[in-house]
Amino acid sequence: VMADEAHLDEDCIFCKILRGEVPCFKVFEDDDILAFMDINPIAEGHALVIPKHHSKDILESPSQWVGKTFAGAKRIAEAVHETLKPDGINIVQANGPGAKQSVLHLHVHIIPRTLDDGLTMNWELVPGDMDDIGGLAERIAANME
Ligand code: AMP
Ligand code: ZN
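Residues numbered from 1 in each chain as written. Chains lettered and ligands numbered in written order. Predicted model: local features only at pLDDT ≥ 70, side-chain atom pairs only at ≥ 80, totals over all residues. Heavy atoms only, no water.

### Details of the pattern of salt bridges
Here is step 1: One pass over the full model with this rule turns up 8 salt bridges.
Here is step 2: Note that Asp32 is salt-bridged to Lys68, the shortest N-O span being 3.4 Å. One end of the pair, Asp32, is in the loop between β1 (26-29) and β2 (33-37); the other, Lys68, is in helix α2 (residues 63-84), with 36 residues separating them in the sequence.
Here is step 3: Classification of Lys68 as partly exposed rests on a relative accessible area of 27%.
Here is step 4: Across the salt bridge formed by Lys85 and Glu82, the nearest N and O atoms sit 4.0 Å from each other.
Here is step 5: Under the relative-accessibility criterion, Lys85 is labelled exposed at 53%. (Salt bridge = Lys/Arg side-chain N within 4 Å of Asp/Glu carboxyl O. Helix = DSSP H or I, 4+ residues; strand = E, 2+ residues; numbered from the N terminus. Buried < 20%, exposed > 50% of the residue type's maximum accessible area, 1.4 Å probe, protein only.)

Following this line, the structure appears as structure tokens:
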């Protein structure tokens, strides 16, 4: 993963993924964004999109990075839709403790939904099956346009 080191944070877990210090199940990457699977998925196919620029949240991020990240989220959503044919997709983006933000690097969740999944807005972080997650990453990546 290539990223502009000057705009990354030493201790941030997502910046570590961008620097290749922490592995991820990559779905898509370009000069500006990286998309990868959430390892504590609340739904099959739960993915994240992050900018290659460290800012804490939507309030502190320059607009251009917010735009690039959400434009990326649309592309990932299309591939997730093509791959899993879910009943719906939620795009979720958390800012601050009241919003239950746990990683302080701007990110957008792509969450495939089914009509009867019973998901609520506040969820616990429960590790998923890494083989399943890796397999989904490959299937979604194969449908990136
Ligand atoms: P949020 O609550 O919006 O801050 O969500 C942060 C998300 O990042 C959570 O859903 C975590 O499961 C996810 N996450 C944290 N660390 C990693 C990691 N190393 N690889 C993939 N996803 C992660
Ligand atoms: Zn970061």
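### Structural notes on a nonpolar patch on the surface
Here is step 1: A cluster of nonpolar side chains, contributed by Ile58, Leu59, Phe70 and Ile91, occupies part of the molecular surface with about 360 Å² of accessible area.
Here is step 2: In this fold, Ile91 is placed in strand β4 (residues 88-92).
Here is step 3: A relative accessible area of 39% places Ile91 in the partly exposed class. (Patch = residues over 30% accessible without salt bridge, like charges linked within 9 Å, V, L, I, M, F, W, Y side chains within 5 Å. Areas by Shrake-Rupley, 256 points an atom, 1.4 Å probe, with all protein chains shown as cover.)

### Here's the deal with the sheet that holds β4
Note: strands within a sheet are paired through backbone hydrogen bonds, in either parallel or antiparallel orientation.
Here is step 1: Here we have 5 strands laid out as an open sheet, ordered β1-β2-β3-β5-β4, and antiparallel in their pairing. Pairing within the sheet leaves two strands with one partner each, and these edge strands are β1 and β4. This sheet shows a mean twist of 20° between the axes of neighbouring strands, independent of strand direction.
Here is step 2: With 3 bridges joining them, β1 and β2 adopt antiparallel strand pairing. In the sheet register, Lys26 faces β2, and the bridge partner there is Phe36.
Here is step 3: Sheet contacts for α2: β1, β2, β3 (47-51), β4 and β5 (108-113); angle to β5, the most-contacted strand, approximately 20°. (Pairing = 2+ DSSP bridges. Axes fitted to C-alpha atoms, helices over the stretch in contact; angles between N-to-C directions. Contact = heavy atoms within 4.5 Å.)

Just distances and angles here, no functional claims.
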